[in-house]
Amino acid sequence: MYEKQDESVVGLIEEFLTARATRKPSPHTLAAYRRDLLAVAHLAAEGATPPLPLDDLTITALSPRTMRAAFARFAAPRAAASVHRAWSTWNSFFTFLVAEGVVPGNPMPAVGRPRAPLPHPKPLRGDDTPEELLAAVARGDGRQRDPWPERDLAVLALALCAGLRLSELLALRVASLAGRPGERRVDVAGKGGRPRVVPIEADLDRLLADYLDSRARRFGARSVRPDSPLLVDRRGEPLRRGGLQYLVESCYRRAGIGDRVPRGARLHALRHTFATRLAEDGASAAEIMRLLGHASLASSQTYIEVTAGQQRAAVASNRTNRALAGLGGGGRVG
């Protein structure tokens, strides 16, 4: 028991990342895990007495006191959300080491962490912006070298009408579209390995069928086998993260709505638009939670709260309210 206690922290980090890879996280997520683990480990090595090279840092050196000091230095220049994410990664790392019999306990409960701020929704600005975007992309663009409006429209419609994340879009297969007519759905491999089902309406189903038909004409019927990736590039290869981001950015440019996309949201603005419109049309936080695949109800509640704020602002803008300012009070009979 605990025979690996003198092993390098760097080596154990790689073992942990290998184990996590079986859960099929995105390369972006794995890179974030590695970055957070190595950054704090480096600070722990620097804070040792005497300071150590990172490769010489052993797991026995990571006491609660050492971890508190390392996290204090890590937190100083960073936002609370980044510190919270790193804390969660280290907590998972030590939980893995305990399960593997490498260490007897997890020191992370003794390390303070900031409360993770709930992200503020960032939908597309403008009441008709989603409709303008879809209409512009459906028309195509003669300036494109190889226009494929059916594919571009399918991507935007899945994000706007099913609320899928970037990683979820990339993970879709042709067989992810399932169900009988009138009961169509998309089976989603959600964040953290949580599967969910999102109903799709007839118009979205038709757009997706048009896209698959156009793909079969381009690359042949074998390109749309059930196990094939649902979204592909113009060469028929699986669409990747950078390609999907570029595709959405180019759609914004073609529609002329770049100034209505919140900074830092880009593709995620489409998912936020889906959720915000659900809230505006009366969906409950529980319904939004199920459709978006949130892990907690609090994340979904933010869309309800934002919508309530917008409703209050709309009422406050009614100029009749200003006419009430001088009324009442003085003329009231006691």
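Thresholds, definitions, all that
- Residue positions are counted from 1 within each chain, in the order its sequence is given.
- At least 70 in pLDDT is required for a residue's local features to be given in this predicted model, at least 80 for side-chain atom pairs to be given and counted, and no such filter applies to totals for whole chains, interfaces and linings, which use all residues.
- With hydrogens and water stripped out, all remaining heavy atoms of the structure feed into the side-chain values.
- Among buried residues, the Ala, Val, Leu, Ile, Met, Phe, Trp, Tyr and Cys ones that are joined through side-chain atoms within 4.5 Å form a nonpolar core.
- Partly exposed describes any residue whose relative accessible area lies between the buried limit of under 20% and the exposed limit of over 50%, with all areas from a 1.4 Å probe on protein chains only and scaled to the type maximum.
- Numbering of helices and strands starts at the N terminus; helices are DSSP runs of H or I of at least 4 residues and strands are runs of E of at least 2.
- In this description, contact between two residues means that some pair of their heavy atoms is separated by no more than 4.5 Å.
- Only the contacting stretch of a helix is used when fitting its axis, a line to C-alpha atoms as for every element, and angles between N-to-C directions run 0 to 180 degrees.
- With respect to orientation, any angle under 35 degrees is reported as roughly parallel, any angle over 145 as roughly antiparallel, any angle of 65 to 115 as roughly perpendicular, and every other angle as oblique.
- Three residue categories are used. Nonpolar comprises Ala, Val, Leu, Ile, Met, Phe, Trp, Tyr, Cys and Pro, charged comprises Asp, Glu, Lys and Arg, and polar comprises the others, including Gly.
- A helix is expected to span 1.5 Å for every residue after the first.
- At least two DSSP bridges between two strands are needed for those strands to be called paired.
- Centres within 6.5 Å make a pair out of two Phe, Tyr or Trp rings, where for Trp the six-membered ring is used; the pair is then stacked when the planes are under 30 degrees apart, edge-to-face when over 60, and tilted otherwise.
- Cation placement over rings: the criterion is NZ of Lys or CZ of Arg within 6 Å of the ring centroid and within 35° of the ring normal.
- Values of pLDDT, the confidence the predictor places in each residue, fall between 0 and 100.
- By the definition used in this description, the sense in which the near helix is turned from the far one sets the handedness, with an anticlockwise turn below a right angle giving left-handed and a clockwise turn giving right-handed.
- Here a polar contact is taken to be a pair of N or O atoms separated by no more than 3.5 Å, where protein atoms must pair a possible hydrogen donor with a possible acceptor and residues adjacent in sequence count only if both atoms sit in side chains.
- A side-chain nitrogen of Lys or Arg and a carboxyl oxygen of Asp or Glu constitute a salt bridge if their distance falls within 4 Å.

This paragraph deals with the nonpolar core. Ranked by size, the top nonpolar core spans 44 residues in total, and within it Leu-133, Leu-230, Tyr-252 and Leu-270 carry the most contacts. Put simply, the parts of the chain that give this core at least two residues each are helix 5 (129-139), helix 6 (149-162), helix 7 (166-171), strand 2 (185-189), helix 8 (202-219), helix 9 (241-255) and helix 10 (268-280). At nine residues, helix 6 tops the list of elements feeding residues into this core. Setting aside anything within four residues of it in sequence, one finds Leu-270 in contact with Leu-124, Leu-133, Leu-156, Ala-159, Leu-160, Val-248 and Tyr-252. Counting 32 residues, the second largest nonpolar core, distinct from the first, contains Leu-43, Leu-57, Phe-93 and Val-102.

Where helix 6 contacts helix 10, the axes come no closer than 6 Å and their chain directions differ by 40°. Between helix 6 and helix 10, the crossing angle belongs to the class labelled oblique. Across from Leu-156, Ala-159, Leu-160, Cys-161 and Ala-162 in helix 6, the residues of helix 10 making contact are Leu-270, Arg-271, Thr-273 and Phe-274. Of the residues contributing to the contact of helix 6 with helix 10, the split by class is seven nonpolar, one polar and one charged.

This part is about helix 9. Helix length check: helix 9 (15 residues) gives 22 Å between terminal C-alpha atoms against 21 Å at 1.5 Å per residue, within 8%. Taken together, the buried positions of helix 9 are occupied by Leu-244, Leu-247, Val-248, Ser-250, Cys-251, Tyr-252, Arg-254 and Ala-255. Among the structural elements, helix 5, helix 6, helix 7 and helix 10 are those in contact with the buried residues of helix 9. Backbone geometry just after helix 9 places Gly-256 at a positive phi near 70°.

Here strand 3 (residues 195-199) shows a buried face lined by Arg-196 and Val-198 and an unburied face lined by Pro-195, Val-197 and Pro-199. Here strand 2 pairs with strand 3 via five bridges, running antiparallel. Paired with Val-188 across the bridge in strand 3 is Arg-196. Joining the antiparallel neighbours strand 2 and strand 3 is a turn of five residues, in which Gly-192 adopts a positive phi near 70°.

Right, let's get into the packing of aromatic side chains. Scanning the model with the defined rule gives nine aromatic pairs in all. Between Phe-93 and Phe-94 the ring centres are 5.7 Å apart and the planes differ by 50°, which places this aromatic pair in the tilted class. Comparing Phe-93 with Phe-94 shows no difference in burial state: the two are buried. In this structure an aromatic cluster arises from ring pairing among Phe-16, Tyr-33, Trp-90, Phe-93, Phe-94 and Phe-96. Across the ring face of Phe-74, the terminal group of Arg-78 is positioned such that the distance to the ring centre comes to 3.9 Å. Between Arg-113 and the ring centre of Trp-87, over which it is positioned, the NZ or CZ distance is 4.1 Å.

Of the residues in the chain, 85% reach a pLDDT of 70 or more, and the chain-wide mean stands at 85. Least confident of the elements in the chain is helix 12 (residues 297-316), whose mean pLDDT is 54; most confident is helix 8, at 95. For the stretch residues 330-334, pLDDT sits under 50, and the model shows zero contacts to residues farther than four places along the chain or on other chains.

This part takes up the packing of helix 2 (residues 27-46) against helix 3 (residues 64-75). Remark: helix 2 packs on helix 3, axes separated minimally by 9 Å, with the N-to-C direction vectors making an angle of 115°. The orientation of helix 2 relative to helix 3 falls into the category roughly perpendicular. By crossing handedness, the relation of helix 2 to helix 3 is classed as right-handed. Two secondary-structure elements touch here, helix 2 through Asp-36, Ala-39, Val-40, Leu-43, Ala-44 and Glu-46 and helix 3 through Thr-66, Met-67, Ala-70, Phe-71, Arg-73 and Phe-74. In terms of residue class, the contact of helix 2 with helix 3 is made up of eight nonpolar, one polar and three charged.

The next thing to look at is the environment of Arg-113. Topologically, Arg-113 is positioned in the loop between helix 4 (80-99) and helix 5. On the basis of relative accessible area, Arg-113 is assigned to the partly exposed category, the value being 44%. Along the sequence, Arg-113 and Ala-80 sit 33 residues apart, while their C-alpha atoms lie 8.4 Å from each other. Setting aside residues up to four positions removed in sequence, Arg-113 forms contacts with His-84, Trp-87 and Ser-88. At a separation of 3.4 Å, a polar atom in the side chain of Arg-113 contacts the side chain of His-84.

On to the pattern of salt bridges, then. Within the structure shown, the criterion is met by 17 salt bridges. Here Arg-73 and Glu-46 are joined by a salt bridge, their closest N and O atoms 2.9 Å apart. On the criterion of sequence distance, the pair formed by Arg-73 in helix 3 and Glu-46 in helix 2 is long-range, its members being 27 residues apart. Given a relative accessible area of 36%, Glu-46 falls into the partly exposed group. Several salt bridges share partner residues, and in doing so they unite Arg-151, Asp-152 and Arg-254 into one network.

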